[in-house]
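Understanding the architecture of this molecule
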Amino acid sequence: MIKLKFILTPVALLLAFQVYADETLHSDVVVVGGGAGGTVAAVSAVENGLKTVLLEKNGYTGGAGNFMEGSFAVESPLQKAKGIKLTPIEAFNNMAQYHHWRINAPLLKKFVDKSGETIQWVDDHGVHWKEVKTAWRDKPEMTWHIYPKAGSLPAAMTKIFKEKGGTLLTSTPAQKLIVKDGKVVGVEAVNVKKEKVTVYAPNVILATGGYNFDEKMVKDLTGIDMVPVGAPGRTGDGIKMAMAVGAVGDNMGPMMMNGAFMPAAGEAICNGPNKELRAMFRQGLLYVDGVGNRFFNEELTIDWPQASNAIARTGEYTYIVFDENTKKEFSTKGKGYPNPCGNFIQRHQAATQLDDLLKANEKLGNVFIGNTIEEAAKKAGMDPEVLKKTAANMTKFAKQGKDEQFGKDPYYLRAIDQGPFYIVRGKINALTSLNGVKVNEGLQVLDKHDRPIPGLYAIGHDAGGVYGDSYDLKVGEGTASSFAINSGRMAVEDIVAKNKAAK
């Protein structure tokens, strides 16, 4: 028998029993979260000569910014070129009134005032706006500035940040704020190798995107079951870390509910394989509850924050009902969809796949088809007589051109009297949480006494005070993405001003 003898050299021993070493970094600023707001803050910081570290939980940057279609602004170069006369003070007061003044007014005013300048700043950084527009048929004040493509802004910011010497650490979620002598002086994180990463910095900017994907947190704050959509990883990390060092919430609970959509794994709004069928939920069609009762004015489906409030009062599912004639109308060139669905379905765009999508989703239990309205109702588990009466009323309203129940605009009235009949079920979607921790107009995080916690900032959906109870879609199209990028710049400007004052 041959005996083998192994002698481990010091190098071999080190490799065999390798212990990963912790890492410590020092910077002027550490940004926690590499979404739209975080990447803009990081670029702003390095361009102001601040040594900056950017920590990102996911293996890539962008976050919810990878889904951004457009951003709000007032008095931008694009608006001036179009002769749009809306002023910042008018926009601010419209937004404040919409939110019933349950806002941080100085913060909101500062954001609105800065928004037009930020449009130019973004363009100067290589992200050239496609157009300024509105999703509304009757709104002259166009405020929605459209990106060249979804995700273009954080991609550009990430590239610039690295080129200018910034340190980007992906797959490195922050876990704890470091406090010394009452000041936040850094962040503890962990990387993909489970090594501890400590970043010491006198300025920490939280930009983790809110808490949309912490389902328990959402349910506890809202009482509503919602389907979180968009970028994963937004589980309230920044908000929780801030609260652990004395921050308080500012009207937390409101969500950017995106209306109801037919369930489709991995799809948000109308940007996936099922977009033509999901877009039907935006067309002002008849909505009913699980029994078959109509419950709101469906023209509001284009104003989805308002519609969401009505839909959230129903059970787990809500349903849209339409007939063969409507399906054909929406599939006819020159007619098409009455409403757009984001930038993915345009107004009057004709559907080309409705038949196939209806049949495919019938097999999945999302669509119920019947030769009679009663047959479709039975398949959906509704009361056939209730739905029959509801459909008959809608048919009457459509034929007379007047909705006697809720006054829906005749533009959206459709008869339901030609079989086959279609029922499609949907669930409330949530794009993001809206408010986070309390901040001042410089985005400094405040404690329960309204005093700044030194060294700590929160931006985007980690910051509170921008919303009342609902997203302001009709007043400020693109407010969420716009506040993210503007607040990123505003926080850095506050840091720079304090540094100058200290010299």
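Another aspect to go through is the overall build of the protein chain. On a plain count of helices and strands, the protein chain comes out with 15 helices and 19 strands. On C-alpha atoms alone, the protein chain measures out to a radius of gyration of 26 Å, which is about the 23 Å that the 2.2 N^0.38 rule sets for 503 residues. Each principal axis of the C-alpha distribution contributes one length, and for the protein chain these read about 85 × 80 × 40 Å. Among the 503 residues that make up the protein chain, the fraction classed as buried is 57%. Counting contacts in the protein chain only where the partners sit at least 6 residues apart, residues at least 24 apart contribute 70% of the total. When the accessible surface of the protein chain is split by element, carbon and sulfur atoms take 52% of a total near 21700 Å². The distance from the centre of the 60 positive side-chain charges to the centre of the 55 negative ones in the protein chain is 3 Å.

Counting 127 residues, the largest nonpolar core has I205 and L443 as its most contacted members. Examining the composition of this core, we find that eight residues originate from one element, helix α15 (residues 479-502), more than from any other. Aside from chain neighbours lying at most four places away, what touches I205 is V29, V30, V31, V32, A41, Y457, I459, A491, V492 and I495. Listed in part, the 19 residues of the second largest apolar core include V288, Y319, F368 and F397.

With that settled, the discussion passes to the packing of aromatic side chains. Counted under the stated rule, the structure contains 13 aromatic pairs. Aromatic side chains F72 and F111 sit 6.0 Å apart centroid to centroid with 55° between the ring planes, which places their arrangement in the tilted category. With F72 in strand β4 (residues 70-72) and F111 in helix α5 (residues 105-124), the pair connects residues that are 39 residues apart, well separated along the chain. Taken as a pair, F72 and F111 share a single burial class, namely buried. Among the aromatic residues, those joined into a ring-pair cluster are F281, Y287, F295 and F296.

The next point concerns the pairing of strand β19 (residues 452-458). With five of its seven residues buried, β19 lies for the most part within the structure. In this structure, strand β11 (residues 203-206) lies alongside β19, joined through three bridges in parallel fashion. Looking at the pairing, L206 lines up with A458 of β19. Sheet analysis places strand β18 (residues 444-446) next to β19, joined by two bridges and oriented antiparallel. When the bridges of β19 are listed, Q444 appears paired with Y457. The loop that links β18 with its antiparallel partner β19 comprises five residues; one of these, D450, has a positive phi angle of about 65°.

The next point concerns the side chain of K139. Structurally, K139 can be placed in the loop between β5 (131-133) and β6 (144-146). Since its relative accessible area comes to 11%, K139 is described here as buried. Here K474 takes part through its backbone oxygen, which lies 2.8 Å from a polar atom of the side chain of K139. A polar side-chain atom of K139 sits 3.4 Å from a polar atom in the side chain of E477. What K139 contacts, discounting residues up to four positions off in sequence, is T134, K474, V475 and E477.

Turning our attention to the sheet that holds strand β7 (residues 167-169). Read across the sheet, six strands follow the order β7-β3-β2-β11-β19-β18 without closing on themselves; strand pairing throughout is mixed. With one partner strand each, in any of the chains shown, β7 and β18 form the two edges of the open sheet. Along the sheet, successive strands turn relative to each other by an average axial angle of 30°, direction set aside.

This part covers the state of the cysteines. Under the criterion given, the structure shown has one disulfide. Between the sulfur atoms of C270 and its disulfide mate C341 the distance is 2.0 Å. Its S-S torsion of approximately 65° makes the covalent link between C270 and C341 right-handed. Here the residue C270 occupies a position in the loop between β13 (255-261) and α9 (275-278), and C341 occupies one in the loop between α11 (324-330) and α12 (354-363), the gap between them amounting to 71 residues. The same class applies to C270 and to C341, which are both buried.

Time to look at helix α13 (residues 373-380). Turning to α13, its buried residues number three or more, namely I373, A376, A377 and A380. All buried residues of α13 lie within an arc of 100° about the axis, which places them on one face of the element. As for α13, its buried residues are in contact with β15 (318-323), β16 (367-370), α14 (384-400) and β17 (421-433). Backbone geometry just after α13 places G381 at a positive phi near 80°.

Procedures and definitions
- Residues numbered from 1 in each chain as written.
- Predicted model: local features only at pLDDT ≥ 70, side-chain atom pairs only at ≥ 80, totals over all residues.
- Heavy atoms only, no water.
- Helix = DSSP H or I, 4+ residues; strand = E, 2+ residues; numbered from the N terminus.
- Rg over C-alpha atoms; globule rule 2.2 N^0.38 Å.
- Buried < 20%, exposed > 50% of the residue type's maximum accessible area, 1.4 Å probe, protein only.
- Contact = heavy atoms within 4.5 Å.
- Areas by Shrake-Rupley, 256 points an atom, 1.4 Å probe, with all protein chains shown as cover.
- Lys, Arg positive; Asp, Glu negative; His and termini not counted.
- Charge placed at Lys NZ, Arg CZ, Asp CG, Glu CD.
- Core = buried A, V, L, I, M, F, W, Y, C linked by side-chain atoms within 4.5 Å.
- Phe/Tyr/Trp six-rings, centres within 6.5 Å; stacked < 30°, edge-to-face > 60°.
- Pairing = 2+ DSSP bridges.
- Polar contact = N/O pair within 3.5 Å; in protein donor to acceptor, adjacent residues only side chain to side chain.
- Axes fitted to C-alpha atoms, helices over the stretch in contact; angles between N-to-C directions.
- Disulfide = S-S within 2.5 Å.
- Arc of directions from axis to C-beta.

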